[in-house]
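Single-letter residue listing:
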Amino acid sequence: MLLLRTVAILLGLGVAVSAALWIVTGERRWLGWSLKLVRVGVVVGLVFFGVLLLERIA
């Protein structure tokens, strides 16, 4: 559980930094990175809440 929280925090920071770099530099590759990280973050969030649900049931 601690690992999933750490990954979620790092993904959030990665999205924020890459979005900020896109705003500052205007380079589209940073926007692409940000969107890729958001997609991975959604998957990690679903896994996180799935683990929470399984802990609740068991």
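I will try to describe carefully the structure that is included in this document. Not measured: the values here are computed from a predicted model.

Definitions and cut-offs
Residues numbered from 1 in each chain as written. Predicted model: local features only at pLDDT ≥ 70, side-chain atom pairs only at ≥ 80, totals over all residues. Heavy atoms only, no water. Helix = DSSP H or I, 4+ residues; strand = E, 2+ residues; numbered from the N terminus. Rg over C-alpha atoms; globule rule 2.2 N^0.38 Å. Buried < 20%, exposed > 50% of the residue type's maximum accessible area, 1.4 Å probe, protein only. Areas by Shrake-Rupley, 256 points an atom, 1.4 Å probe, with all protein chains shown as cover. Salt bridge = Lys/Arg side-chain N within 4 Å of Asp/Glu carboxyl O. Phe/Tyr/Trp six-rings, centres within 6.5 Å; stacked < 30°, edge-to-face > 60°. Lys NZ or Arg CZ within 6 Å of the ring centre and 35° of its normal. Expected span 1.5 Å × (residues − 1). Contact = heavy atoms within 4.5 Å.

### Some remarks on the overall build of the protein
1) Next: Secondary structure assignment for the protein yields two helices and zero strands.
2) Next: In terms of C-alpha radius of gyration, the protein reaches 14 Å, well past the compact-globule figure of 10 Å for 58 residues.
3) Next: Over its C-alpha atoms, taken along the principal directions, the protein stretches across nearly 50 × 15 × 10 Å.
4) Next: Here the protein holds 58 residues, and 12% of them are scored as buried.
5) Next: When the accessible surface of the protein is split by element, carbon and sulfur atoms take 77% of a total near 4,600 Å².

### Points about the pattern of salt bridges
1) Next: One pass over the structure, following the stated rule, counts one salt bridge.
2) Next: Residue Arg 29 pairs with Glu 27 through a salt bridge whose shortest N-O separation is 2.9 Å.

### Focus on the packing of aromatic side chains
1) Next: By the definition in use, this model includes one aromatic pair.
2) Next: Geometrically, the ring pair formed by Phe 48 and Phe 49 is edge-to-face, given 5.4 Å between the ring centres and 75° between the ring planes.
3) Next: On the basis of relative accessibility, which here comes to 16%, the residue Phe 48 falls in the buried class.
4) Next: Take Phe 49: its relative accessible area is 55%, and that puts it in the exposed class.
5) Next: Residue placement shows Lys 36 over the ring face of Trp 33; its charged tip is 5.6 Å from the ring centre.

### A few points about helix 1 (residues 2-25)
1) Next: Counted at 1.5 Å a residue, the expected span for helix 1 with its 24 residues is 34 Å, and the 34 Å between its end C-alpha atoms agrees.
2) Next: When helix 1 is considered as a whole, its buried residues turn out to be Leu 11, Val 15 and Ser 18.
3) Next: Each element contacted by the buried residues of helix 1 is listed here: helix 2 (28-57).
4) Next: Backbone geometry just downstream of helix 1 places Gly 26 in the positive-phi region, at approximately 80°.

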